[in-house]
Structures are given as structure tokens and as C-alpha cells.
Amino acid sequence: MNIAKIMIPKALTVFLNEKQTVRQGWEIMTRNGYTAIPVLDAEQHYIGTVSEGDFLRHILDTGSLDKMDMENHRVRELVRRDFCPPISIDADETKVISAALNQNFVPIVDSRNTLCGIITRRGVIVYLAEQNGIRSTF
């Protein structure tokens, strides 16, 4: 499987920087309609993913819905490093399929753990359908 062929490149992917405020992260995620989004550090390394649930837990922990309070916290405080683990750009088909079964999207990283892009579950299904002679009308 050629991961680069089915991957959505980083340039077309929405992601957060760990230094952004919680308010900025929430606004970016909701504006784009996602329920989870990758988080990168200053060197563009993938460090984890945050979800709507992470933002909700933050609100419950701080006891505040005030947007100004959200300015005092950073996205890095919400990141779950074990949630939505990445796979290598040169991973085999079995690893890609296994990851896609367990995650809505799979972050793809290079040997330096730099985010290259993501593969969606839909992208894997379309690829497999086409490999089996099923014309994609998805």
C-alpha cells in the first residue's frame, strides 16, 4: 500500500500547535467541524490528539465556561499522547488497516516523528474497494 497515495497531506490537514490557547484550539476544532484533531509541537512533530471530550474535561476541571479563562491554558495541557497513535509513512498495509479499524483518522509521521499527513478510515475503505475492482462512487 502506498500510504502517500491515500494520505491527506499535512498542508491540507487541520492541526493545532501545542502552544495555542485552549480557546484557540476549541475555536479551530469547532469551526472545522471535527471531533478530534492532531497536535504538533514547534518543530512540527506529532505529539498527540485532542478531542471534544478533552475540551469538556478541561471545562469541568477548571469549572469555567468563560472564554477569557480559556486564554490562560494551552492546548498541550489537554493532549493525550496515547490517543490516536501515529504510524510510519512506510508502514505496511496490515498496520494501516489495523490502525484505521481503531481510529477515525491515522496520523502519518516520518522517521523524525514529523507529521506528514493523515489517513482517514474512509480513505482506506475507498482504497481497498478500488483494489478489489469496486468503482468508487463514495
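Residues numbered from 1 in each chain as written. Predicted model: local features only at pLDDT ≥ 70, side-chain atom pairs only at ≥ 80, totals over all residues. Heavy atoms only, no water.

## Focus: the pattern of salt bridges
Thought 1: Following the criterion strictly, the structure yields five salt bridges and no others.
Thought 2: Between arginine 23 and glutamate 27 there is a salt bridge whose closest N-O contact spans 3.0 Å. Here arginine 23 and its partner glutamate 27 are both found in helix H2 (residues 22-32), four residues apart, which amounts to about one turn of the helix.
Thought 3: Relative accessible area serves as the criterion here: at 23%, arginine 23 is assigned to the partly exposed category.
Thought 4: By relative accessible area, which is 29% here, glutamate 27 ends up partly exposed.
Thought 5: The partner of aspartate 110 in a salt bridge is arginine 112, and the shortest N-O contact between them spans 2.9 Å.
Thought 6: Linked through salt bridges whose partners overlap, the residues forming this network are Arg23, Glu27 and Glu71. (Salt bridge = Lys/Arg side-chain N within 4 Å of Asp/Glu carboxyl O. Helix = DSSP H or I, 4+ residues; strand = E, 2+ residues; numbered from the N terminus. Buried < 20%, exposed > 50% of the residue type's maximum accessible area, 1.4 Å probe, protein only.)

## A closer look at the sheet that holds strand E5 (residues 87-88)
Thought 1: With mixed pairing, four strands are arranged side by side in an open sheet as E1-E7-E6-E5. Looking at strand neighbours, the two that pair on one side only are strand E1 (8-9) and E5, the edges of this open sheet.
Thought 2: Both E1 and strand E7 (residues 115-120) contribute to a ladder of two bridges, which runs antiparallel. From the neighbouring strand, proline 9 faces E7, where its bridge partner is glycine 117. (Pairing = 2+ DSSP bridges.)

## Some remarks on the packing of H2 against helix H3 (residues 52-62)
Thought 1: Remark: H2 packs on H3, axes separated minimally by 11 Å, with the N-to-C direction vectors making an angle of 145°. Crossing handedness for the pair H2 and H3: left-handed. The segment H2 lies against H3, with Val22, Gly25, Trp26 and Met29 engaging Glu52, Phe55 and His58.
Thought 2: For the contact of H2 with H3, the class distribution of residues is four nonpolar, two polar and one charged. (Axes fitted to C-alpha atoms, helices over the stretch in contact; angles between N-to-C directions. Left-handed = near helix turned anticlockwise from the far one by under 90°. Contact = heavy atoms within 4.5 Å. Nonpolar A, V, L, I, M, F, W, Y, C, P; charged D, E, K, R; others polar.)

## A look at the sheet that holds strand E4 (residues 46-51)
Thought 1: Ordered by their spatial adjacency, three strands build an open sheet running E2-E3-E4, and the pairing between neighbours is mixed. The outermost strands of the open sheet, each flanked by one partner alone, are strand E2 (16-17) and E4.
Thought 2: Here two bridges tie E2 to strand E3 (residues 36-40), and the two strands are oriented parallel to one another. Bridged to leucine 16 within E3 is valine 39.
Thought 3: In the packing of H2 onto the sheet, the strands contacted are E2, E3 and E4, and the crossing angle to E3 comes to about 135°.
Thought 4: Across the sheet, H3 is in contact with E2 and E4; its angle to E4 comes to roughly 75°.

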